[in-house]
Amino acid sequence: MFPLISYILPAICSLIAVGWYTLVERKVLGYIMTRKGPNKVGYMGLMQPVSDGVKLFTKEVVVPMYSAKWPFILCPIVSFFIALLGWFLYPFSSVEMLFACGVVYFMVVAGMSMYSIVVAGWASNSKYALLGAVRGVAQSVSYEVVMALILLSVVYCVGVLDVHGVKMWQGSFGMWGWVWLAELVPFLGVWVIIMLAESNRAPFDFVEGESELVSGYNVEYSGVSFGLLYMTEYASMMLNSLLSACLFIGSNDIVMSLIGLSFMFMYIWVRGTYPRYRYDLFMMFMWKCCLPVVLVVLLFELQVLYIMV
């Protein structure tokens, strides 16, 4: 019974946190734009996520006449389920389930999330949605190669594929050793860009470009279906923030939670600060700038490990 609770509890807590994360985002964006965020529903607007959720989940679900009906309906459900699968990697000391190949599992979940965008864009039978899905596939090819190399470098340094083991190693040694300079300084900036693109967030929200694609791959969704896609995005942002703190900084649970919150704030700050990047320039930047930097640092790490062994 208790192991089952430890499997499910992170997913439940993440769902509860998603609602108030949206409130924090709207509040912070309001202050960035010199205006107030939500402040009418409940004390200081604390019940605004509940109000939005009730309104969204009680609306009618409209299925376009010429859409592929069953893929259109099932895609948000599968997408939401894939986002929750990632929370099994919950790298805290109190968790009872540990994946021996947690880093590989994270890469698989991150790759599967793109299929939901592709299916949603194709099943909608809308040109705007399809263009958003095509953009998503093209950008995922460019950044997932770099993401795999960065994770590979972390695995080479630590020597394990377990996320919990990576966290413990980083907390005990990585901050003071040569790995801090060889890994964190060049890799963390590239990793932040990759996580922004992975979560489809500004300035790399190409699949949801409002100015040119109306709303992108989810333009035909409404009600519960749109709510599930919306929650999928924010649950992925929270998971990426937590794993970024684990993979690159580590330390104990409290410090890692604070660092994860800093990454979550970074998502909001970047959205309120930077304009959308151009689509072709992003892929050129990944292939011509980020990939060479990551390859050079990875080769340097392999050389140092070879000398040490």
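Note that the coordinates shown come from a computational prediction; the quantities given were computed from them, not determined experimentally.

Regarding the overall build of the chain
Working step 1: Secondary structure assignment for the chain yields 11 helices and 0 strands.
Working step 2: The order of helices and strands in the chain, counted from the N terminus, is α-α-α-α-α-α-α-α-α-α-α.
Working step 3: When each of the 309 residues of the chain is scored for burial, the buried share is 50%.
Working step 4: In the chain, once contacts between residues fewer than 6 apart in sequence are set aside, the share between residues at least 24 apart is 79%.
Working step 5: Surface summary for the chain: the accessible area is close to 15400 Å², and the carbon and sulfur share equals 73%.

Here we look at the UniProt feature "transmembrane region" (unreviewed entry) in the chain
Working step 1: Summarizing the sequence annotation, UniProt attributes the feature "transmembrane region" (unreviewed entry) to residues 7-24, 70-90, 97-123, 143-163, 175-197, 242-269 and 281-308 in the numbering used throughout.
Working step 2: Measuring from the first to the last C-alpha atom of residues 70-90 gives 32 Å, for a span that is 76% helix and 0% strand.
Working step 3: Secondary structure across residues 143-163 comprises 81% helix and 0% strand; the distance between its end C-alpha atoms is 21 Å.

Describing the pattern of salt bridges
Working step 1: Per the stated rule, a full pass over the model turns up 6 salt bridges.
Working step 2: The residue Asp-52 makes a salt bridge to Arg-26 at a minimum N-O spacing of 2.7 Å. Placement of the pair is Asp-52 in helix H2 (residues 48-57) and Arg-26 in helix H1 (residues 2-32), with a sequence separation of 26 residues.
Working step 3: Given the relative accessible area of 25%, Asp-52 is considered partly exposed.
Working step 4: The class for Arg-26 is partly exposed, based on a relative accessible area of 36%.
Working step 5: Arg-201 is the salt-bridge partner of Glu-233, the closest N and O atoms lying 3.5 Å from each other. Here Glu-233, found in helix H9 (residues 223-248), pairs with Arg-201, found in the loop between helix H7 (178-198) and helix H8 (210-213); they are 32 residues apart in sequence, far enough to count as distant. Grouping residues by exposure puts Glu-233 and Arg-201 together as buried.
Working step 6: Taken together, the salt bridges that share partners define one network made up of Glu-25, Arg-201, Glu-233 and Arg-271.

The rules behind each value
Residues numbered from 1 in each chain as written. Predicted model: local features only at pLDDT ≥ 70, side-chain atom pairs only at ≥ 80, totals over all residues. Heavy atoms only, no water. Helix = DSSP H or I, 4+ residues; strand = E, 2+ residues; numbered from the N terminus. Buried < 20%, exposed > 50% of the residue type's maximum accessible area, 1.4 Å probe, protein only. Contact = heavy atoms within 4.5 Å. Areas by Shrake-Rupley, 256 points an atom, 1.4 Å probe, with all protein chains shown as cover. UniProt positions renumbered as here; feature names shortened; annotations may be inferred. Salt bridge = Lys/Arg side-chain N within 4 Å of Asp/Glu carboxyl O.

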